[in-house]
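# Working through the structure, step by step
If you want the building blocks of each chain, they are given just below.
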Amino acid sequence: MVMRALLLALAILVVAPVHAQDVKGVTLDKPSPVGDFELIDHRGEPFTREDLMDRWSLVFLGFTHCPDVCPFTLANLEAVRSELSLLLPPERLPQIVFLAVDPDRDRPVLADYVAHFDLSFVGVTGEPGEIARFAHGLDAYYRLEKKSDDDDSYDVVHSAAVAVIDPDGAVKAKITPPFHPHDTANYLHLLLRGVEGTN
Amino acid sequence: MQSRKLAAVLAVILSAMMLLPVAAHDHGARPVVTAAGVEVRQAWSPASVPGVNTRSVYFELINGSAAPLVIIGAESPGITGVAIHETSTAGGLTSMATVEQLTVPPGQRVSFSPQGLHLMLTGAEHHRQGELLPLRLLFADGTSLFFEAPVRKASGQHQHHRYDTAIPKS
Ligand SMILES: [Cu+2]
């Protein structure tokens, strides 16, 4: 573990000045496991911690009525995934998960919303308590700013970071904006290789 | 066991976008001059999906006039709410706040751009890609400026560049 961490540190130190100028991130030497939760994906299928196992995932938390930050983050994640597809075989590409924290407004449009960015994206939402459990596992935060019962244009304050989940279902890294696609893809490529010890 | 955290905080670079000349790209706004030299350029609005009734509009507002330009709001036919919003990210949290008015000094421009300022439309019906969203900016001196923002898909790599920049002499 120490050796891996050192190798990873070295790899990042060596490569950072060249490839990853625009990436801000924190890599955890000791990944933080995401606890159990029960959500529903955009197709209506259950989505639980099991769906995070045996593959890498990038999880971004937001809401579909978010006009400014969410569309650009999701567009960047789509671009990151397409950059990564040049570096990794399809089966090793991370799945991109959008945790929609505003279920009243998100549920009816979630399938259309994620498909608008990329057909491979997984949108998940559900009961507020279960959303909170997953968000907690990601060390993320959100708050609905609904002012009254008929307020349908409220803002949702939320974490800007994207959580990188390892194939054991634990948070391995958090990256923060700007998500420059090319540099973020290089950073993730290194992270995946470093952890898997294949470099 | 190791509880040591390996922090890989990589450099942050602010974009040089703010240094682009104002004539860079025009995405189809059709400016109507209010005071001489006041114009909107590069207007656009990200496409969304049916059922999402919030919308943002981005553009550059150039004050080429000799007086300060004070924006007090905007309107759009058929849309219930238009406000000036500013997105900010502090302590890892992102949120939007209303900006009551905004002054553009003479010879400067202001960028309404992703993760900075935007016009926030609420109660909007669905707009297809390629449609033009009609908007009117309202100024404190009673004048206004009409422009149209084409609706197109948000793409990756947008950068934050909400800064007043002197208009290059040409
Ligand atoms: Cu807004």
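Scroll up to find the structure.
Residues numbered from 1 in each chain as written. Chains lettered and ligands numbered in written order. Predicted model: local features only at pLDDT ≥ 70, side-chain atom pairs only at ≥ 80, totals over all residues. Heavy atoms only, no water.

Next up on the list: the overall build of chain A. A tally of helices and strands in chain A yields six helices and 10 strands. The proportion of buried residues among the 199 residues of chain A is 57%. For chain A, restricting intrachain contacts to residue pairs at least 6 apart in sequence, the fraction spanning at least 24 positions comes to 72%. For chain A, the accessible area works out to roughly 8,300 Å², and carbon and sulfur atoms hold 54% of it. (Helix = DSSP H or I, 4+ residues; strand = E, 2+ residues; numbered from the N terminus. Buried < 20%, exposed > 50% of the residue type's maximum accessible area, 1.4 Å probe, protein only. Contact = heavy atoms within 4.5 Å. Areas by Shrake-Rupley, 256 points an atom, 1.4 Å probe, with all protein chains shown as cover.)

This part takes up the state of the cysteines. Residues and elements named next belong to chain A. In total, this model carries one disulfide over all chains according to the counting rule given. Disulfide pairing is shown between C66 and C70; the S-S distance is 2.4 Å. Here the S-S torsion is close to 95 degrees, and the disulfide linking C66 with C70 is therefore right-handed. Note on accessibility: C66 and C70 belong to one class, buried. (Disulfide = S-S within 2.5 Å.)

What follows covers the coordination of the copper ion. All names here are of chain B. Each protein donor to the copper ion is listed here as H85 (ND1), M96 (SD), H118 (NE2) and M120 (SD); together their distances run 2.1 to 2.4 Å. Seen from the copper ion, its four donor atoms lie at angles of 98 to 119 degrees, and the figure they make is tetrahedral. If you list the donors of the copper ion from N- to C-terminus, the spacing comes out as H-x10-M-x21-H-x1-M. Taking the relative accessible area as the measure of exposure, M120 reaches 4% and is therefore buried. (Donors = N, O, S within 2.8 Å, 3.2 Å for Na, K, Ca; no water. Tetrahedral: all angles 85-135°; square planar, octahedral: opposite > 155°, others 65-115°.)

All right, on to the pattern of salt bridges then. All names here are of chain A. In the structure shown here, the tally under the stated rule is seven salt bridges over all chains. Measuring nitrogen to oxygen at the nearest pair gives 2.5 Å for the salt bridge that ties D41 to R43. Taking the relative accessible area as the measure of exposure, R43 reaches 60% and is therefore exposed. (Salt bridge = Lys/Arg side-chain N within 4 Å of Asp/Glu carboxyl O.)

Moving on: the side chain of S65 of chain B. Residue and element names in this part refer to chain B. When you line up the elements, S65 lands in the loop between strand 2 (55-63) and strand 3 (69-75). S65 sits in the buried class, given a relative accessible area of 15%. Polar contacts involving the side chain of S65 include one to the side chain of N63, which spans 2.6 Å. A polar atom in the side chain of S65 sits 3.1 Å from the backbone oxygen of A67. (Polar contact = N/O pair within 3.5 Å; in protein donor to acceptor, adjacent residues only side chain to side chain.)

This part covers the nonpolar core. The biggest cluster of nonpolar side chains holds 59 residues, and the ones touching the most others in it are L99, F134 and L138 of chain A. Those residues in contact with L99 of chain A that sit more than four places away from it in its chain are L39, V59, F60, L61, G62, V124, I131, F134, A135 and L138 of chain A. Counting 30 residues, the second-largest nonpolar core is a separate cluster that includes L69, V82, L133 and L135 of chain B. (Core = buried A, V, L, I, M, F, W, Y, C linked by side-chain atoms within 4.5 Å.)

Turning our attention to the packing of aromatic side chains. Tallied over the entire structure, the rule returns 10 aromatic pairs over all chains. Summarising the aromatic geometry, the rings of F72 of chain A and Y58 of chain B are spaced 5.7 Å apart at their centres and angled 70 degrees between planes, so their arrangement reads as edge-to-face. Of the two residues, F72 of chain A is situated in helix 2 (residues 69-84) and Y58 of chain B in strand 2; the pairing between them involves two chains. Summarising the burial analysis for this pair, F72 of chain A and Y58 of chain B share the class buried. The interplanar angle of 35 degrees and the centroid separation of 5.5 Å between the aromatic rings of F98 of chain A and Y113 of chain A together place this pair among those described as tilted. Of this pair, F98 of chain A sits in strand 5 (residues 95-100) while Y113 of chain A sits in helix 4 (residues 110-117), and the two are 15 residues apart along the sequence. For the residue pair F98 of chain A and Y113 of chain A, the accessibility class agrees, reading buried in each case. Each member of the aromatic cluster is reached from another via a ring pair, and the members are F60, F98, Y113 and F117 of chain A. Over the ring of Y154 of chain A we find R105 of chain A, and its NZ or CZ is 3.6 Å from the ring centre. Over the aromatic face of W44 of chain B sits the side chain of R152 of chain B, whose NZ or CZ is 4.1 Å from the ring centroid. (Phe/Tyr/Trp six-rings, centres within 6.5 Å; stacked < 30°, edge-to-face > 60°. Lys NZ or Arg CZ within 6 Å of the ring centre and 35° of its normal.)

Here we take up the pairing of strand 4 (residues 57-62) of chain A. Residues and elements named next belong to chain A. Most of strand 4 sits out of view: six of its six residues are buried. Along strand 4, one buried face is formed by S57, V59 and L61 and the opposite face, lined by L58, F60 and G62, is buried too. Pairing of strand 4 with strand 9 (residues 162-165), which is carried by four bridges, proceeds in the antiparallel orientation. From the neighbouring strand, L58 faces strand 9, where its bridge partner is V164. (Pairing = 2+ DSSP bridges.)

This paragraph deals with helix 5 (residues 128-137) of chain A. All names here are of chain A. Taken residue by residue, helix 5 has E130, I131, F134, A135 and G137 as its buried positions. An end-on view of helix 5 places all buried positions within 160 degrees of arc, on one side of the element. What points out from helix 5, more than 90 degrees from its buried face, is the exposed set P128 and H136. Note on helix 5: the residue one or two positions beyond its end, D139, has a positive phi of about 60 degrees. (Arc of directions from axis to C-beta.)

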